[in-house]
Amino acid sequence: MHFQEGKHRDLESEIDMSKCYSFIGTGVMAEAIIAGLLRKGTVSNQQIIGSHPRAARREELSNKYGIRMVESNREAASSGSMIILCVKPQRTNKVLHELKGAVNRQQIVASIIAGTRIETIRRELDHPAIVRAMPNTPAQIGQGITAWTATAEVSEAEQDEVRAMLEALGKTVRVENERQIDMATALSATGPTYVFMVMEALIDAGVHLGFSRHVAQELVWEMMLGSVSFAKESRKHPAELRNMVTSPGGTSAEAIYQMEKGGLRTVLSKAVWAAFQKSEALGRNG
Ligand SMILES: NC(=O)c1ccc[n+]([C@@H]2O[C@H](COP(=O)([O-])OP(=O)(O)OC[C@H]3O[C@@H](n4cnc5c(N)ncnc54)[C@H](OP(=O)(O)O)[C@@H]3O)[C@@H](O)[C@H]2O)c1
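If you're wondering where the values come from, they're calculated on a predicted model, not measured in any experiment.

What counts, and at which threshold
- Residues numbered from 1 in each chain as written.
- Predicted model: local features only at pLDDT ≥ 70, side-chain atom pairs only at ≥ 80, totals over all residues.
- Heavy atoms only, no water.
- Helix = DSSP H or I, 4+ residues; strand = E, 2+ residues; numbered from the N terminus.
- Contact = heavy atoms within 4.5 Å.
- Areas by Shrake-Rupley, 256 points an atom, 1.4 Å probe, with all protein chains shown as cover.
- Lys, Arg positive; Asp, Glu negative; His and termini not counted.
- Charge placed at Lys NZ, Arg CZ, Asp CG, Glu CD.
- Pairing = 2+ DSSP bridges.
- Axes fitted to C-alpha atoms, helices over the stretch in contact; angles between N-to-C directions.
- Near = heavy atom within 4 Å.
- Polar contact = N/O pair within 3.5 Å; in protein donor to acceptor, adjacent residues only side chain to side chain.
- Nonpolar A, V, L, I, M, F, W, Y, C, P; charged D, E, K, R; others polar.
- pLDDT = per-residue confidence, 0-100.
- Buried < 20%, exposed > 50% of the residue type's maximum accessible area, 1.4 Å probe, protein only.

### Side note on the overall build of the protein
Phase 1 of the analysis: On a plain count of helices and strands, the protein comes out with 13 helices and eight strands.
Phase 2 of the analysis: The dimensions of the protein, computed from C-alpha atoms along their principal axes, are 70 × 45 × 35 Å.
Phase 3 of the analysis: Long-range contacts, defined here as pairs at least 24 residues apart, represent 63% of the contacts in the protein between residues at least 6 apart.
Phase 4 of the analysis: If you sum the accessible surface of the protein, you get close to 16300 Å²; carbon and sulfur atoms cover 56% of it.
Phase 5 of the analysis: Within the protein, the 32 negative side-chain charges are centred at a point lying 5 Å from the centre of the 34 positive side-chain charges.

Structure below.
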């Protein structure tokens, strides 16, 4: 996407400046949200401001999207109706400390930082209207799923605005509390790791059979994409779909026997549970 200055200037008079998004830390995820917002037309480039410590990155984003980029996190935060915290977890304390006193009561603070609790943000910024969201990596191509929750001080109308902002990354699910954010961290945010590992194992298995890596990869990618689309469209239980292709004494029955013997379900369940416990533990320390 390239910024067309003239086109956006014409729109200036119609722009609702009471709706302005401030991105604190404009790395991969912030850029994915910005690109999605502009692609969908949720806001215009003039309603977005971002902060980044490096001049080269500031220049890159302002040239690419026509958004305002500043060095100071406080300056960026002061302009937005919604402040979106997108720094890495290890920078959280420093950034929250920097933003102390810069956030007013009318603003919403939304965080996509893994592990940082609402209570930490509330305490550090002395601010009640907070949203915590947990996206996943397919968000980078607008096909993510983001679980999010909000404090009671975020009104219904503001929640609609938050939902629209997060939809820049794909689908969204509003969950009840932070425990469910940790649950989503283990299931949907860590999820691509499980899928990539299964994908890798199947590609290697194809190479073991004698396929070239290129062919094995193509077969596995399309098989996975097609299986997910088929499951979604048919709305059938996965076991029913599996039974449909399991003939007595056939190849699927043979493969299922080996997967059950190897404990595939238990391994996946234990992996998700361990990721959940880790997410809770990181939150307690954060
Ligand atoms: N990526 C995902 O799929 C995903 C999924 C769920 C949650 N998250 C969460 O999203 C957050 C952002 O992830 P990301 O993948 O976008 O990381 P990222 O690409 O590293 O983005 C963070 C950006 O913040 C910049 N930065 C460093 N110090 C800063 C400071 N003091 N003030 C402002 N900006 C600063 C970094 O610059 P430098 O590169 O120069 O250090 C970097 O460009 C993380 O907290 C992560 O836990 C990410």
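Anyway, onward from the coordinates.
### Brief notes about the sheet that holds strand β3 (residues 68-70)
Phase 1 of the analysis: One open sheet accounts for eight strands, arranged β3-β2-β1-β4-β5-β6-β7-β8; its pairing is mixed. The open sheet terminates on both sides in strands that have one partner only, identified here as β3 and β8 (170-174). Strand-to-strand, the axes of this sheet are offset by a mean angle of 20°, without reference to chain direction.
Phase 2 of the analysis: By the bridge criterion, four bridges tie strand β1 (residues 21-24) to strand β2 (residues 48-51) in an arrangement that is parallel. Note on β2: the bridge partner recorded for Ser-22 is Ile-49.
Phase 3 of the analysis: Packed on one face of the sheet, helix α6 (residues 118-125) meets β4 (82-85), β5 (108-111), β6 (130-134) and β7 (144-150) and runs near 145° to β6.

### Concerning the site of the ligand
Phase 1 of the analysis: Contacts to the ligand come from 22 residues, most closely from Val-28, Met-29, His-52, Arg-54 and Val-87.
Phase 2 of the analysis: Contact between the ligand and Val-87: an oxygen atom at 2.6 Å from a main-chain N or O atom of the residue.
Phase 3 of the analysis: Within the complex, the protein chains bury 80% of what would otherwise be the 880 Å² of accessible surface of the ligand.
Phase 4 of the analysis: Listing elements by their share of the shell around the ligand, those giving two or more residues are α2 (28-40) and α5 (92-99).
Phase 5 of the analysis: Per-class residue counts for the shell around the ligand are 12 nonpolar, six polar and four charged.

### Quick look at the confidence of the model for the protein
Phase 1 of the analysis: Averaged over the protein, the pLDDT score is 93; the fraction of residues at 70 or greater is 94%.
Phase 2 of the analysis: Taken together, the stretch residues 3-13 has pLDDT below 50 and engages in 10 contacts with residues farther than four places along the chain or on a different chain.

### Structural notes on the pairing of β5
Phase 1 of the analysis: A two-sided burial pattern is seen for β5, the buried positions comprising Ile-108 and Ala-110 on one face and Val-109 and Ser-111 on the other.
Phase 2 of the analysis: Bridge count for β4 against β5 is four bridges, and the pairing is parallel. Each bridged residue has a counterpart across the sheet, and for Ile-83 the counterpart in β5 is Val-109.

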